[in-house]
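Now for the letters of each chain:
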Amino acid sequence: MIVLGIETSCDETSAAVVTDGRVRSNIISSQLIHGKYGGVVPELASRAHIRLIVPVVEDALSKAGVRKHEISAVAVTQGPGLAGALIVGLSFAKALAYGLRIPLIGVNHLEGHLYSNFLTEQPAFPFVSLIVSGGHSILVHVEAPFSHRVLGETRDDAAGEAFDKVGKMLGLGYPGGPLVDKLAAEGNPAAIPFPRSYLEEGTYDFSFSGIKTSVLYYLRSKGLTDTVSKEIIDRQHLADICASFQEAVVDVLVAKAISAALNTGVRDLTIAGGVSANSLLRKKMKEETDRHGIRLYYPPIEYCMDNGAMIAYAGWLRLKQGMSSPFTLKPVPNLPLEELA
Ligand code: KG4
Ligand code: ZN
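Remember, it's a predicted structure, so these values are computed and weren't measured experimentally.

Novice: Could you give me a rundown of the sheet that holds strand E2 (residues 12-19), with the residues and numbers involved?
Specialist: Whether parallel or antiparallel, the strands of a sheet pair through hydrogen bonds between backbone atoms. Spatially, five strands are ordered E3-E2-E1-E4-E5 in an open sheet, and the strand pairing comes out mixed. Two strands bound the open sheet, and with one partner strand each, they are strand E3 (22-30) and strand E5 (104-108). If you compare each strand with its neighbour and ignore which way they point, the axes differ by 20 degrees on average. The sheet contact formed by E2 and E3 spans eight bridges and is antiparallel. What sits directly across from Glu-12, in E3, is Ser-30. Where helix H2 (residues 83-100) meets the sheet, it contacts strand E1 (2-7), strand E4 (73-79) and E5, and its direction lies at approximately 160 degrees from that of E4. Strand contacts of helix H10 (residues 308-320): E1, E2, E3, E4 and E5, with the helix running at about 130 degrees to E1, the strand carrying the most contacts.

Novice: Now, about the site of ligand 1: what can you tell me, with residues and values included?
Specialist: Residues in contact with ligand 1 amount to 20 residues; listed here are only the nearest, Gly-134, Asp-164, Asp-181, Gly-274 and Asn-278. Gly-135 places a main-chain nitrogen or oxygen 3.2 Å from an oxygen atom of ligand 1. Between Gly-160 and ligand 1, the recorded distance is 3.2 Å, taken from a backbone N or O atom to an oxygen atom. The protein chains hide 87% of the 550 Å² of surface that ligand 1 would expose on its own. Judged by the proximity of its atoms to the pocket grid, ligand 1 belongs to the largest pocket. Elements that contribute at least two residues to the shell around ligand 1 include exactly helix H3 (109-115), helix H4 (159-169) and helix H5 (176-184). Partitioning the shell around ligand 1 into residue classes produces seven nonpolar, ten polar and three charged. A domain split of the shell around ligand 1 shows at least three residues from each of domain 1 (2-114 + 303-320) and domain 2 (123-298).

Novice: Help me get a handle on empty space enclosed by the protein, residues and values and all.
Specialist: Tallying each qualifying case throughout the model produces one cavity of 30 Å³ or more. What lines the largest cavity is simply Pro-195, Arg-196, Ser-197, Ser-207, Phe-208, Ile-211, Ala-248, Val-249 and Val-252. Top contributing element to the lining of the largest cavity by residue count: helix H7 (residues 235-264), with three residues.

Novice: Talk me through the layout of surface pockets; I want residue IDs and the actual numbers.
Specialist: Here the largest pocket is characterised by a volume of approximately 1300 Å³. In this structure, the largest pocket is lined by 49 residues; those nearest its centre are Ser-133, Gly-134, Gly-135, Asp-164 and Tyr-174. Every element with two or more residues in the lining of the largest pocket is listed here: H3, strand E8 (147-153), H4, H5 and helix H9 (301-304). Considering each element in turn, the lining of the largest pocket owes the most residues, six residues, to H4. Among the domains, domain 1 (2-114 + 303-320) and domain 2 (123-298) are the pair contributing at least three residues each to the lining of the largest pocket.

Novice: Residues and numbers for the side chain of Thr-77, please.
Specialist: Within the element layout of this structure, Thr-77 appears in strand E4. Reaching out from Thr-77, the side chain makes a polar contact with the side chain of Glu-7 at a distance of 2.6 Å. Not counting residues within four places of it along the chain, the set of residues in contact with Thr-77 comprises Ile-6, Glu-7, Ser-9, Leu-86, Leu-90, Val-107, His-109 and Ile-311.

Novice: Describe H5, with residues and values.
Specialist: Residues of H5 that are buried include every one of Gly-176, Gly-177, Val-180, Asp-181, Leu-183 and Ala-184, and no others. Against the buried residues of H5 lie H4, H7 and helix H8 (279-291).

Novice: Could you give me a rundown of the environment of Gly-273, with the residues and numbers involved?
Specialist: In this structure, Gly-273 sits in the loop between strand E9 (268-272) and H8. Since its relative accessible area comes to 0%, Gly-273 is described here as buried. C-alpha of Gly-273 to C-alpha of Ala-243: the two residues are 30 residues apart in sequence and 21 Å apart in space. When residues no more than four places from it in sequence are discounted, the contact partners of Gly-273 are His-113, Val-132, Ser-133 and Cys-304.

Novice: Can you break down the coordination of the zinc ion (ligand 2) residue by residue, with the values?
Specialist: Ideal geometry at a metal centre: 109.5 degrees between donors when four sit tetrahedrally, and 90 or 180 degrees when six sit octahedrally. In this structure, His-109 (NE2), His-113 (NE2) and Asp-306 (OD) serve as the protein donors to the zinc ion (ligand 2), at separations of 2.0 to 2.1 Å. Here the zinc ion (ligand 2) is ringed by four donor atoms whose angles at the metal span 96 to 140 degrees, and the overall shape comes out irregular. The sequence pattern describing where the donors of the zinc ion (ligand 2) fall on their chain is H-x3-H-x192-D. Of the two residues, His-109 and His-113 are both situated in helix H3; the distance of four residues between them amounts to about one turn of the helix. Take His-109 and His-113: they sit in the same class, and that class is buried.

Rules used throughout
Residues numbered from 1 in each chain as written. Chains lettered and ligands numbered in written order. Predicted model: local features only at pLDDT ≥ 70, side-chain atom pairs only at ≥ 80, totals over all residues. Heavy atoms only, no water. Pairing = 2+ DSSP bridges. Helix = DSSP H or I, 4+ residues; strand = E, 2+ residues; numbered from the N terminus. Axes fitted to C-alpha atoms, helices over the stretch in contact; angles between N-to-C directions. Contact = heavy atoms within 4.5 Å. Near = heavy atom within 4 Å. Polar contact = N/O pair within 3.5 Å; in protein donor to acceptor, adjacent residues only side chain to side chain. Areas by Shrake-Rupley, 256 points an atom, 1.4 Å probe, with all protein chains shown as cover. 1 Å grid on protein atoms, 1.4 Å probe; cavity = no way out; pocket = protein on both sides within 12 Å on 5 of 7 lines; lining within 4 Å. Sits in = over half its atoms within 2 Å of the grid points. Nonpolar A, V, L, I, M, F, W, Y, C, P; charged D, E, K, R; others polar. Domains from an automatic or database assignment. Points joined across faces, edges and corners; volume = space filled by probe spheres on them. Buried < 20%, exposed > 50% of the residue type's maximum accessible area, 1.4 Å probe, protein only. Donors = N, O, S within 2.8 Å, 3.2 Å for Na, K, Ca; no water. Tetrahedral: all angles 85-135°; square planar, octahedral: opposite > 155°, others 65-115°.

Put into structure tokens, the structure is as follows:
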């Protein structure tokens, strides 16, 4: 079965071909236009998707050596995501599937992230997954394919959002996550005691808006403006702020994921989403899972960020079960993970 996967939920236009669960191509075009605005501008994202969708899909098919009429189904992100951005991918996918008379499969973006580790490895069910991205921070217990329970999620900012906002305050650019990660490698994580927000006893929920505010207050206390330019702050000081902030976020993510794995009795733990590319998160999670005899999985970088391959894979799982979507499928910007497309 050859599935074409299309992902346009935010600022990546991506298409991929997956044959019987194996990736044949995965083209990701990241929209650089948002950088100068310090965040994704929804209307610009939709327009860029319109411009990019055809060349990106053609590229994915040609890299895979697959012709249109050989595709078995078209899988596409239905939500969550930006409404206008989702509409572009959905409209394209519907037209293509209708024209080729093949099934259309709506995929939940979070379900895509959930199965992104399966593109290269085979975690054993049941497992716990920590999905951390620019839009989400969520802990899920996955009993079997299509059977999962959300254990906890963020009550305010997503982990990636906190990285991006702190990156912006520090004048590093957008997206801040990878830039903070890189600078943190030169800094002292014990330099500034930023707070760890574990919330009340026993909850798997997260909160990252407090730490972001602490960074802001710290900068003010040092007489630094809200958006610090790299030129006016000493590089070592900047690296120390990055390292201290990053460690505070990672400590909470690791503690909650490990306790979820131990309390549910799973042997496998997966991390996914853009923040799963973070070097300290990978390192600390590996140390803790090793200590507890839990197997850890994280995707290669190209499958951490938004990509068509994970959508195609989740679509293929559905296709195998005989599931498909009606051509009246609508975008759902706030589609929860529990809800099947
Ligand atoms: O999964 P993704 O591509 O898009 C969403 O679904 O949101 O994740 C993007 C997020 C951004 O917030 C970005 O700053 C963050 O992932 N990110 C990182 C790293 N690489 C990407 N955060 C921390 N460390 C990184 N190395
Ligand atoms: Zn995502």
